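Listed here are the chains, written in short residue letters.
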2 protein chains.
Amino acid sequence: MHLDTLTANSGEWLRGTGPDSDVVVSSRIRLARNLSQFPFPARAEEATKSEVYSLLAGTLGDLDASPTLHPFGLETLDELDAQLLVERQLISHELAEGEGPRGVAVSRDETVSVMMNEEDHLRIQVLASGFDVKGAWAKANGVDDAIEADLPYAFDEQFGFLTACPTNCGTGLRVSVMLHLPALVLTKEIQKVFQALQKIRLAVRGLYGEGSQAMGDFYQISNQVTLGLSEEELVEKVAEVVPNIISYERRVRKALVRQDRRSLHDQIARAHGVLRSAQTISSDETMGLLSSLRLGVNLGLIDELEPATVNEMFIHTQPAHLQKLKGEELSSPERNVARAGYLRDKLADAELDTDE
Amino acid sequence: MHLDTLTANSGEWLRGTGPDSDVVVSSRIRLARNLSQFPFPARAEEATKSEVYSLLAGTLGDLDASPTLHPFGLETLDELDAQLLVERQLISHELAEGEGPRGVAVSRDETVSVMMNEEDHLRIQVLASGFDVKGAWAKANGVDDAIEADLPYAFDEQFGFLTACPTNCGTGLRVSVMLHLPALVLTKEIQKVFQALQKIRLAVRGLYGEGSQAMGDFYQISNQVTLGLSEEELVEKVAEVVPNIISYERRVRKALVRQDRRSLHDQIARAHGVLRSAQTISSDETMGLLSSLRLGVNLGLIDELEPATVNEMFIHTQPAHLQKLKGEELSSPERNVARAGYLRDKLADAELDTDE
């Protein structure tokens, strides 16, 4: 598989067809694993890292599991392609900007990606469209078992799976759900959600994980504790809490429509108008306006757009995607112009499709 | 002629086809006149005002001059219709909100309107599209002569034509030009224009005359002095100064395009986008956005709109016009919704016409 095949379409998880996709963008399972006979990447010599990478890439490329994984070495990948993988949430910023032998193995549908020589030897990730942590967990568990059949993991009776950072040891499991919460943000009710989640030790982060800002009203909710509970219990914990947030967001959306449909519709229609017209637009402004558009589509206030189209626009307006689509490197002001052009074309096409 | 015929079209002067119409909306001549045998309206008894009104309406309705004038009594006109005449600049706020026998005689093409029993017995007004003060003056002079042939004016050898307010006596002439100066406003160069005009005793006012704010980057420039110069000299003075402002505005427009075409185009396109999309919009915001649109059309940055369409939108989004178009009285929030609907329809039609 060539990396360019990724650019043309949007990953399966982005189709926006999963359960509760009006509020939940995606569900994610991440497992941190290390090989027993090698030091953690941060403490390994270049030669050892190289040996580990070869071993992992060979194993993952030939794994007895579905879907098939395609390994990419990050060292031979240019910066733009690495950034593309970050924007598609297939690898972390850390892996993209790291050094030495490292890579990722990706399935064609982008639901499975396994990072090699990031913080840990292996970071298994499964993405699912909408709210489906259990489905994602089952898939990740399968990939995990298949790898373990070929390679011995670093495991301790007391601490469970050993990881480079102690906060991950035990299960090595991070269960996370990406939520779109524009109504809770608009009404500032989101603060209550944060407080409630903190009490039960669930973390809230922005779109691109740890330390990133919540752009476009997207929030990632995940477990903080990885130790002392079984994988199934951790998955269950998130699976139990998220439906409350979903129904909270839906309730507030309905209330907004009931109380002042006109002004909500106005805000959404204006966002649509600016996206259809701007000649230059920043990434931040785009995220904010697309968030309004996504809300409008989900509330039926904009009927000429498919949810999947809006989801795609979130990804395709990111810097690396824009440059891939344009086929050239672009400065920040050039990207703002390319972004505006992409949005105008995409939204004009959507209108045309509706007219037909 | 029924008043409703005015609502359907836009007055000749609004067609935007006159000379220098990229900068000059309209030229206006106003003559203040009083009858010699009657006290000024402010000092007249109701019966006298009534007598004057009948005399004037009769004379104007049967005047030996072209175009034919149609007299309307303000006392029998409902508030909305009176407001409509204000918005079309055919009568003043003062006449609309005044009391007692008073009215206006209007030509079908709206180039000539003569107010009766406003501050003076007669206020003859001629409007011309674009920059044409001399043409407007010739027309006003003709109407003035025709009236004077039937009715004796109050005239004094020393003070010239006598008027209720001493600032108008002498010629009773106000020459004014309505300019659209978005580039001078954007670059704040407009302050220099104000200072220069003040020095040569020309007044600058907003869209609806004295005391009104400059909305939509429209400025009315007129003579302050009415005494000590002949009518022709006063007309000449304005005719000489305005071309400098026109070329100043054009120079700054070109400079804006040259220096940062992208950002100017962006601002104009976004204005267009909001006007095409908003579900509710205030009059002030509309004026500001339409001003950007007008600039865009004149710079060729928006090619799907005719200048006349934009000019028409300025008038038709005013409160009385909206209510006339809707055929019912509307509260302020209802007008904001009706205004947004009118703008969306008008701009969608314009796009459709271009597509054909």
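Note that this is a predicted model, so its numbers are computed, not measured.

Focus: the packing of aromatic side chains
Under the definition given, this model contains eight aromatic pairs over all chains. Relative to Phe314 of chain B, the ring of Phe218 of chain B lies with its centre 4.8 Å away and its plane at 80°, an arrangement referred to as edge-to-face. Here Phe314 of chain B lies in helix α10 (residues 307–316) and Phe218 of chain B lies in strand β10 (residues 218–223), a separation of 96 residues in the sequence. Take Phe218 of chain B and Phe314 of chain B: they sit in the same class, and that class is buried. Through pairs of rings, three or more aromatic residues link up here, namely Tyr153, Phe155 and Phe161 of chain A. The cationic tip of Arg33 of chain A hangs over the ring face of Phe161 of chain A; the distance from NZ or CZ to the ring centre is 3.6 Å.

What to know about the sheet that holds β10 of chain B
The pairing of strands in a sheet happens through backbone hydrogen bonds and is either parallel or antiparallel. Residues and elements named next belong to chain B. Strands sit in the order β2-β3-β4-β5-β1-β8-β10-β9 across an open sheet of eight strands; the sheet is antiparallel. Edge strands, defined here as strands with exactly one partner in the open sheet, are β2 (69–73) and β9 (202–205). The average angle at which neighbouring strand axes cross in this sheet is 20°, direction not considered. Pairing analysis gives eight bridges linking strand β1 (residues 24–33) to strand β5 (residues 122–129), with the strands arranged antiparallel. Directly across from Ile29, in β5, lies its bridge partner Val126. Against the sheet, helix α8 (residues 231–277) engages β1, β8 (173–180), β9 and β10, with an angle of about 10° to β8.

Some thoughts on the pattern of salt bridges
Across all of its chains, the model carries 30 salt bridges over all chains by this definition. A salt bridge links Lys346 of chain B to Glu312 of chain B, with the shortest nitrogen-to-oxygen separation between them at 2.7 Å. On the criterion of sequence distance, the pair formed by Lys346 of chain B in helix α12 (residues 332–355) and Glu312 of chain B in helix α10 is long-range, its members being 34 residues apart. Take Glu312 of chain B: its relative accessible area is 17%, and that puts it in the buried class. Residues joined by salt bridges that share partners form a network here, namely Glu118, Glu119, Asp120 and Arg123 of chain A.

Focus: the sheet that holds strand β4 (residues 112–116) of chain A
Residue and element names in this part refer to chain A. The antiparallel open sheet is built from eight strands, whose spatial order is β2-β3-β4-β5-β1-β8-β10-β9. The outermost strands of the open sheet, each flanked by one partner alone, are β2 (69–73) and β9 (202–205). In this sheet, neighbouring strand axes are inclined to one another by 20° on average, regardless of whether the strands run parallel or antiparallel. Across five bridges, β4 lies against strand β5 (residues 122–129) in antiparallel orientation. Within β5, the residue paired with Met116 across the bridge is Leu122. Seen against the sheet, helix α2 (residues 46–61) touches β2, β3 (103–107), β4 and β5 and runs at an angle of roughly 155° to β2. Its contacts with the sheet put helix α7 (residues 190–199) on β9 and β10 (218–223), and the angle it makes with β9 is roughly 145°.

Notes on the interface of chain B and chain A
Of the residues lining the interface, 15 residues belong to chain B; the matching set on chain A comes to 15 residues. Buried area between chain B and chain A, both sides added, is near 1,400 Å², and the carbon and sulfur share of it is 54%. A per-residue breakdown of the area chain B buries against chain A is headed by Arg262, Arg270 and Gln279 of chain B, which together make up 39% of the total. The interface formed by chain B and chain A holds two salt bridges in total. Note that Arg270 of chain A and Glu285 of chain B form a salt bridge whose closest N and O atoms lie 2.8 Å from each other. Considering each element in turn, the side of chain B that touches chain A owes the most residues, nine residues, to α8 of chain B.

Observations concerning the packing of α8 of chain B against helix α9 (residues 283–298) of chain B
Residue and element names in this part refer to chain B. Where α8 contacts α9, the axes come no closer than 9 Å and their chain directions differ by 130°. With respect to α9, the axis of α8 lies oblique. For the crossing formed where α8 meets α9, the hand is left-handed. In contact with Arg253, Leu264, Gln267, Ile268, Ala271, His272, Val274 and Leu275 of α8, α9 contributes Glu285, Leu289, Leu290, Ser292, Leu293, Leu295, Gly296 and Asn298. Class assignment for the residues of the contact of α8 with α9 results in nine nonpolar, five polar and two charged.

Overview of the environment of Pro182 of chain B
With respect to the element layout, Pro182 of chain B can be found in helix α6 (residues 182–186). With sequence-adjacent residues up to four places away left out, Pro182 of chain B is seen in contact with Asp217, Glu249, Arg253, Ser291 and Leu295 of chain B.

Re a negative patch on the surface
Negative charge collects at one region of the surface, where Asp78, Glu79, Glu94, Glu97 and Glu329 of chain A lie side by side. With respect to the helices, strands and loops of the structure, Asp78 of chain A is situated in the loop between β2 and α3 (79–87).

Conventions used here
Residues numbered from 1 in each chain as written. Chains lettered and ligands numbered in written order. Predicted model: local features only at pLDDT ≥ 70, side-chain atom pairs only at ≥ 80, totals over all residues. Heavy atoms only, no water. Phe/Tyr/Trp six-rings, centres within 6.5 Å; stacked < 30°, edge-to-face > 60°. Helix = DSSP H or I, 4+ residues; strand = E, 2+ residues; numbered from the N terminus. Buried < 20%, exposed > 50% of the residue type's maximum accessible area, 1.4 Å probe, protein only. Lys NZ or Arg CZ within 6 Å of the ring centre and 35° of its normal. Pairing = 2+ DSSP bridges. Axes fitted to C-alpha atoms, helices over the stretch in contact; angles between N-to-C directions. Contact = heavy atoms within 4.5 Å. Salt bridge = Lys/Arg side-chain N within 4 Å of Asp/Glu carboxyl O. Buried area = accessible area lost by both parts, 1.4 Å probe. Parallel < 35°, antiparallel > 145°, perpendicular 65-115°, else oblique. Left-handed = near helix turned anticlockwise from the far one by under 90°. Nonpolar A, V, L, I, M, F, W, Y, C, P; charged D, E, K, R; others polar. Patch = residues over 30% accessible without salt bridge, like charges linked within 9 Å, V, L, I, M, F, W, Y side chains within 5 Å. Areas by Shrake-Rupley, 256 points an atom, 1.4 Å probe, with all protein chains shown as cover. Lys, Arg positive; Asp, Glu negative; His and termini not counted. Charge placed at Lys NZ, Arg CZ, Asp CG, Glu CD.

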